[in-house]
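# What the coordinates show
Listed here are the chains, written in short residue letters.
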Amino acid sequence: MTVAGLIVLDLVAGVTATVAWLGSGAAAAARRAGLALALFCVAVAASLARVGVALALAPAGWWFVQEKFTLTLPLLVVAGLAASVLAAPRLVTAVRGRGDLSAAVVIPLLGAGYAAVAGPAVTLLMGYPATWSTGLVTVALVAAAVLVTWRAVSAPVPGLRVTAAVTLAVGLAGVGLAFVPAETAGTTETGGGPPAAMEAHAMDTHAMGAMGAGASSASDGGHARQGRPVTALRGPSTPAAGGEVRRFTLTARTATVTLSSGREVAAWTFDGRVPGPPVTASEGDLIEVRLRNADITSGVTLHWHGYDVPSGEDGVPGLTQDAVMPGQEFLYRFRATQVGTYWYHTHEVSDRGVKLGLYGMLVVTPREAANEGADLTLPVHTFGGKITLGDHDQPFEQRVAPGTPVRLRLVGTDNTPHQFTLSGTPYKVAAIDGRDLNAPGELSRTRLRLPAGGRYDLVFAMPAGGALLRVDDRATSLRLTPDAPSTPAPSAAEDTSGWPEFDPLSYGTPSATPFGAGSRSDRRFTLVLDQGLAIMNGRPAYAHTVNGHAFPSIPTQLVREGDLVRVTVVNRGRETHPWHLHGHTVRVLSRDGRAPAGSPLLLDTFDVRPGEVWEVAFRANNPGMWMNHCHNLSHADQGMALHLAYEGVTTPFHGAHGG
Ligand code: C2O
Ligand code: CU
């Protein structure tokens, strides 16, 4: 069984155990001995199943079972054993028609039920890691519930007051512990301290992103003195030798866009178009983009997704610049050093902004590119529930002469992955996330699952019979038809739903890489992705968490220029998290302990599915302050984002936003 399956099974067993223990206690209280005994047996079985599932899950990593082994299973085992010893013999006697179902039977059964609730409750609400405070609160709550039950079902309990007082104290201690980190965050949030105090830990406060906006100007002088401000890390103003300057102006504004079907959608756009105008260049050119904001009242920026620009050009509001408000503008400049398929999007309220259309394509071609062939950029996006390719919300056609080299650049601009199938021709995935693969082989009858934010470049020679690219096996599709109009369309009704899924980790050919799985690293970080209660922007929320925290309280990853950094990303949750680090290309070392068997994989966005463990590495060669976040932008919005900062780099901005 898969890790994701075991995670679900653990919850199912936990809920079953809870219902059965509580039901058994309730049946005993209602003097229905037979039912109580039957439910008792179910409860024991479900409790044992939880232990078994946890043991099966443990080899996948301690992250998946930590709260079970340290807290909820011991609690369940103790309470379950107590119930078995105290209640089971009396239940059996009662079923035989002798004896009575007194409080001595009901209380242990219900007590085991309260202990059983803790399993799914801690897993769902607190996640990883379970802390001392979680443990204390959980134990106190279970004890309190037992006491209340005792009080309700029997005569006055000796020593109840003392026990109640102890329980209350334990619970309060737990709550107190839980709020220690919250208070720390709260202190930095006010940001009203004297500049001297802030300088002492300026890195921390900025990195935490929690410092009040009002304090930023007061501390500007301090930053200039103590390190390089991120605003000084800007791109060059000239192209590389032989390159040209490519100038673009993008004006963000609200507009009604018309999709290919004629449907009108109220959108946030660049230049009134969705996707925005393409930014294109040849390798070595200088890309200069003037961003203007006409009427996007929440502000806008441009982030160059997957493009390792200097930090000051990265477009993260509150970290590398202030959001560009209506009437304002910002000039971005960077060299086209990476060839391939990328995209740009706003990073201010990016979940809403990107959804509504503030994105476009960034494509850089090799300088000596032969300018022949069909080169199509196909961003997949959801507008008002309809899946679109570019601005097509209906099947569309493109004429291509047989034999023509074709490149289809698939770009995932949605929050969730999409499935592509290409039929009618074998093809190669030439590049992923803009980076060429080594000696990719031919594919056919394969499903391509494109992560949110990711890109696949498909190449093939146009077949005489035409080719069909479909998204999610459904309505939206692109048919490439040869010039001869009479050729019958091939594979029109081909069922693609059963095609096996493409795995980038076993595609292409191995080759020497700058740093392999064995190389030593200077820094290691682990990011455990989950959902749970956390303090988000000063308030408790059910957040998408990293190591139990939510933005801006997730500790910043601090690196030094030149470091080889290794990052383990673990998904303990029930949703896919497309992980994205700004400013760096990561190399995949392993997924679930297995290294890529094919081409080296250099990515900027990788899907960490439920139960998966990815290990990636990157060279810290782009000083600055960077976002590191889930590219399901609504997850990022709900806490799943943190910063990566280089020692000695500071930001003059408040840092409270970033998404
Ligand atoms: Cu494509 Cu931080 O984003
Ligand atoms: Cu996510």
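Our subject is the structure that appears above.
Overview of the structure. Every value quoted in this text rests on a predicted model; they were computed, and no experiment measured them.

On the protein side, the copper ion (ligand 2) has H577 (ND1), C630 (SG) and H635 (ND1) as donor atoms, found 2.0 to 2.1 Å from it. Within one chain, the residues serving as donors to the copper ion (ligand 2) are arranged as H-x52-C-x4-H. Residue H635 is classed as buried on the basis of its relative accessible area, which comes to 2%.

Moving on: a nonpolar patch on the surface. A surface patch of nonpolar side chains, about 390 Å² in accessible area, is lined by M1, V8, L9 and V12. The topology assignment puts M1 in the segment before α1 (3-29). With a relative accessible area of 72%, M1 lands in the exposed category.

Let us now look at the nonpolar core. The biggest cluster of nonpolar side chains holds 69 residues, and the ones touching the most others in it are L408, L410, V429, L458, L469 and W579. It is strand β31 (residues 641-646) that contributes the most residues to this core, five residues altogether. Those residues in contact with L410 that sit more than four places away from it in its chain are L378, F420, L448, L450, G454, R455, Y456, L458 and L469. Listed in part, the 28 residues of the second largest apolar core include A36, L76, L101 and A116.

Moving on to the pairing of strand β13 (residues 405-412). Look at any regular strand and the pattern is simple: side chains alternate between the two faces of the sheet. Counting buried residues in β13 gives six out of eight residues, a clear majority hidden from the surface. Note that strand β10 (residues 374-383) and β13 share seven bridges and pair parallel. Looking at β13, one finds that P379 is bridged to V411.

To continue, consider the packing of aromatic side chains. Applying the stated criterion to the full structure yields 14 aromatic pairs. Both rings, one in W304 and one in Y344, keep their centres 5.8 Å apart while their planes meet at 55 degrees; by these two values the pair is tilted. Pair noted here: W304 is in strand β6 (residues 303-305) and Y344 is in strand β8 (residues 340-345), with a separation of 40 residues, a long-range link. The same class applies to W304 as to Y344, namely buried. Ring geometry for F502 and Y507: centres 4.9 Å apart, planes at 75 degrees, overall edge-to-face. Judged by its relative accessible area of 6%, F502 falls in the buried class. Among the aromatic side chains, those forming a connected cluster through ring pairs are F270, W304, Y307, F330, Y332, F334, Y342 and Y344.

On the basis of which strands lie adjacent, the open sheet formed by four strands has the order β4-β9-β8-β6 and mixed pairing. On the outer flanks of this sheet lie β4 (276-282) and β6, each paired with one strand and no other. The sheet shows a mean angle of 25 degrees between the axes of neighbouring strands, taken without regard to direction. Summarising the sheet, β6 and β8 pair through three bridges and their orientation is antiparallel. Bridging from a neighbouring strand, H303 pairs with H345 of β8.

How two helices sit against one another is set out by the angle between their axes and by the gap between those axes. Contact geometry for α1 and helix α2 (residues 33-57): axes closest at 8 Å, N-to-C directions at 155 degrees. For the element pair α1 / α2, the angle class is roughly antiparallel. Remark: the crossing between α1 and α2 carries left-handed chirality. Taken together, the residues of the contact of α1 with α2 break down into 22 nonpolar, five polar and two charged.

Procedures and definitions
- Residues numbered from 1 in each chain as written.
- Chains lettered and ligands numbered in written order.
- Predicted model: local features only at pLDDT ≥ 70, side-chain atom pairs only at ≥ 80, totals over all residues.
- Heavy atoms only, no water.
- Donors = N, O, S within 2.8 Å, 3.2 Å for Na, K, Ca; no water.
- Buried < 20%, exposed > 50% of the residue type's maximum accessible area, 1.4 Å probe, protein only.
- Patch = residues over 30% accessible without salt bridge, like charges linked within 9 Å, V, L, I, M, F, W, Y side chains within 5 Å.
- Areas by Shrake-Rupley, 256 points an atom, 1.4 Å probe, with all protein chains shown as cover.
- Salt bridge = Lys/Arg side-chain N within 4 Å of Asp/Glu carboxyl O.
- Helix = DSSP H or I, 4+ residues; strand = E, 2+ residues; numbered from the N terminus.
- Core = buried A, V, L, I, M, F, W, Y, C linked by side-chain atoms within 4.5 Å.
- Contact = heavy atoms within 4.5 Å.
- Pairing = 2+ DSSP bridges.
- Phe/Tyr/Trp six-rings, centres within 6.5 Å; stacked < 30°, edge-to-face > 60°.
- Axes fitted to C-alpha atoms, helices over the stretch in contact; angles between N-to-C directions.
- Parallel < 35°, antiparallel > 145°, perpendicular 65-115°, else oblique.
- Left-handed = near helix turned anticlockwise from the far one by under 90°.
- Nonpolar A, V, L, I, M, F, W, Y, C, P; charged D, E, K, R; others polar.

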